[in-house]
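For reference, the chains in residue letters:
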Amino acid sequence: MSQEAPSIVVVGSVNRDLVTILERMPAGGETVHARDFLQSHGGKGANQAVAAARLGAKVALVAKVGGDVFGADALANFRAAGIDTSHVGELPDKPTGTATILVEPDGENRIMIVAGANGALTPADVEAAADTIAKARLVLLQLEVPMETVAAALAVSARVGTPVCLNPAPAPDSLDAGLIGPALRFVVPNRGELALLTGLPTESEADLAAAARALLARGVGAVVVTLGAEGALLVEGEGEPRRFPAARVRALDTTGAGDAFIGAFAARFVHDGDVEAAIRNGAAFAGLSVTRQGAQASYPAMALSDLGD
Ligand code: ATP
């Protein structure tokens with residue numbers, strides 16, 4: 001564990017990803033031999049924490065894992081990345097969160113998520129980390145833990161004066177409208193998440209700007225829309241939206257690209273508060289991640305300054 005106070009606190013999910021590559025999907029009652037099986041560390045909270053830590057940021061994670069081999073393995077992985085795990089609880093009676101992913105030869109995925117211990121991350125767990133949150137420069141939130149826990153993280157951060165970045169993913173069926181407000185320094189959605197959050201179209205550049213402005217009107221500080229290979233769009237204040245290109249790379253696997261972007265964005269933002277440089281660093285790091293397989297496995301350990309900004 002690090003002696004230095006963490007500059008980023010992630011309140012979020014930890015999953016084990018279990019990927020089976022199939023020739024074809026079995027029918028009900030049928031058994032098939034699958035082509036391959038892979039497993040990896042996942043969960044949006046864990047991914048974003050690891051991405052920021054690989055770039056040298058001091059990160060603390062507020063999370064829950066189960067009392068099983070996946071939980072022990074996840075803890076070892078966080079410690080190896082230098083992440084402060086003093087607020088990662090182990091629940092003996094719960095499984096660690098899992099994402100079981102079935103992949104057909106044409107690349108189509110079917111994903112089943114079991115929240116497991118993530119579903120038991122409570123507002124009290126966030127309260128217990130209030131002192132750590134108070135010392136941090138940014139809190140990162142996603143939507144893979146209970147909504148009341150996300151709300152508590154926002155409330156605690158507002159109380160202690162630490163800015164928050166919300167990645168509203170996975171796209172929510174419904175989101176407590178009260179969560180989107182002045183306590184959010186940043187909202188970082190992709191195109192689909194922005195549409196769901198606002199109920200507005202997000203097809204054209206003008207649509208994106210109008211939808212982002214609907215969030216600004218609710219008090220959000222800035223909206224960064226990630227647009228895959230088309231890069232990102234920053235909408236803040238009264239000025240024109242600003243476009244940032246994606247890295248020009250040959251993409252091999254975009255799994256976890258959004259989490260790489262946010263981890264690097266956060267690492268740069270807490271470094272010097274330069275939002276535009278943070279977006280450029282996010283795009284550069286996500287660009288590196290898509291050239292490699294996997295999520296966390298695709299995040300290189302490197303200095304922020306080597307991201308070229
Ligand atoms: P995921 O759910 O796969 O993690 P996401 O939908 O949250 O992704 P995207 O907008 O697809 O997020 O990607 C995030 C960032 O990753 C983009 O803003 C871009 O910088 C980078 N990126 C994604 N795909 C590519 C690509 N094909 N080439 C270069 N950069 C990419």
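Refer to the structure printed above.
All of the points below concern the structure found in this document. Since this is a predicted model, take the numbers as computed values, not measurements.

1. Notes on the overall build of the chain
Thought 1: Looking only at helices and strands, the chain has 9 helices and 13 strands in total.
Thought 2: In terms of C-alpha radius of gyration, the chain reaches 19 Å, essentially the compact-globule figure of 19 Å for 309 residues.
Thought 3: Principal-axis analysis of the C-alpha atoms places the extent of the chain at approximately 60 × 45 × 40 Å.
Thought 4: Per-residue burial over the chain gives 52% buried out of 309 residues.
Thought 5: In the chain, the proportion of contacts linking residues at least 24 apart, taken out of those at least 6 apart, comes to 67%.
Thought 6: For the chain, the exposed surface amounts to about 13,300 Å²; the carbon and sulfur share of it is 52%.

2. Observations regarding the sheet that holds strand β3 (residues 36–42)
Thought 1: Strand order in this open sheet of 4 strands is β3-β2-β6-β7, and the pairing throughout is mixed. The open sheet terminates on both sides in strands that have one partner only, identified here as β3 and β7 (109–114). Averaged over all adjacent pairs, the angle separating strand axes in this sheet is 15°, with direction ignored.
Thought 2: By the bridge criterion, 7 bridges tie strand β2 (residues 15–21) to strand β6 (residues 97–103) in an arrangement that is parallel. Bridging across to β6, Ile21 finds its partner in Val103.
Thought 3: The strands that helix α2 (residues 69–80) touches are β2, β3 and β6; relative to β3, the one it contacts most, it runs at about 55°.

3. What about the side chain of Arg16?
Thought 1: Topologically, Arg16 is positioned in strand β2.
Thought 2: Residue Arg16 is classed as buried on the basis of its relative accessible area of 10%.
Thought 3: Not counting chain neighbours up to four residues away, the residues in contact with Arg16 comprise Gln39, Ser40, His41, Phe70, Asp73, Gly97, Thr98 and Ala99.

4. Regarding the pairing of strand β10 (residues 184–187)
Thought 1: Alignment of strand β9 (residues 164–166) against β10, held across 3 bridges, turns out to be parallel. From the neighbouring strand, Leu166 faces β10, where its bridge partner is Val187.
Thought 2: Bridge count for β10 against strand β11 (residues 222–226) is 2 bridges, and the pairing is parallel. Along β11, the bridge assignment pairs Val187 with Val223.

5. A word on helix α8 (residues 257–272)
Thought 1: Given a rise of 1.5 Å per residue, 16 residues ought to cover 22 Å, and the 23 Å separating the end C-alpha atoms of α8 matches this to within 8%.
Thought 2: Burial of α8 is extensive: 13 of the 16 residues sit out of reach of the surface.
Thought 3: Phi for Gly273, located one or two positions after α8, is positive at around 75°.

6. Some remarks on the pattern of salt bridges
Thought 1: Summed over the entire model, instances satisfying the criterion amount to 11 salt bridges.
Thought 2: Linking Arg35 and Glu23 is a salt bridge whose minimum nitrogen-to-oxygen distance equals 3.0 Å. On the criterion of sequence distance, the pair formed by Arg35 in the loop between β2 and β3 and Glu23 in the loop between β2 and β3 is long-range, its members being 12 residues apart.
Thought 3: Between Lys64 and Asp125 there is a salt bridge; the shortest N-O distance is 2.6 Å. Placement of Lys64 in strand β4 (residues 59–66) and of Asp125 in helix α3 (residues 123–128) is noted, with a sequence separation of 61 residues between them.
Thought 4: Judged by relative accessible area, which is 10%, Lys64 ranks as buried.
Thought 5: The network of salt bridges with shared partners includes Glu236, Arg242 and Glu276.

7. Quick word on the packing of α8 against helix α9 (residues 275–289)
Thought 1: Interhelical geometry of α8 versus α9 gives an angle of 145° and a closest axis separation of 7 Å. Both α8 and α9 take part in a crossing whose hand is right-handed. Touching Ala257, Ala260, Phe261, Ala264, Phe265, Arg268 and Phe269 of α8 are Val275, Ala277, Ala278, Ile279, Asn281, Gly282, Ala283, Phe285, Ala286 and Ser289, all from α9.
Thought 2: Residue classes in the contact of α8 with α9 are distributed as 13 nonpolar, 3 polar and 1 charged.

8. Quick word on the site of the ligand
Thought 1: In the region of the ligand, 17 residues are neighbours, and Asn190, Thr226, Gly228, Gly231 and Gly258 sit closest.
Thought 2: In this structure, Gly228 approaches the ligand through a main-chain N or O atom, which is 2.8 Å from an oxygen atom.
Thought 3: Starting from 630 Å² of accessible surface for the ligand in isolation, the protein chains cover 81%.
Thought 4: Of all elements in the fold, only α8 and α9 reach the threshold of two or more residues within the shell around the ligand.
Thought 5: The leading source of residues in the shell around the ligand is α8, at 3 residues.
Thought 6: The residue inventory of the shell around the ligand, partitioned by class, reads 10 nonpolar, 7 polar and no charged.

Thresholds applied
Residues numbered from 1 in each chain as written. Predicted model: local features only at pLDDT ≥ 70, side-chain atom pairs only at ≥ 80, totals over all residues. Heavy atoms only, no water. Helix = DSSP H or I, 4+ residues; strand = E, 2+ residues; numbered from the N terminus. Rg over C-alpha atoms; globule rule 2.2 N^0.38 Å. Buried < 20%, exposed > 50% of the residue type's maximum accessible area, 1.4 Å probe, protein only. Contact = heavy atoms within 4.5 Å. Areas by Shrake-Rupley, 256 points an atom, 1.4 Å probe, with all protein chains shown as cover. Pairing = 2+ DSSP bridges. Axes fitted to C-alpha atoms, helices over the stretch in contact; angles between N-to-C directions. Expected span 1.5 Å × (residues − 1). Salt bridge = Lys/Arg side-chain N within 4 Å of Asp/Glu carboxyl O. Left-handed = near helix turned anticlockwise from the far one by under 90°. Nonpolar A, V, L, I, M, F, W, Y, C, P; charged D, E, K, R; others polar. Near = heavy atom within 4 Å. Polar contact = N/O pair within 3.5 Å; in protein donor to acceptor, adjacent residues only side chain to side chain.

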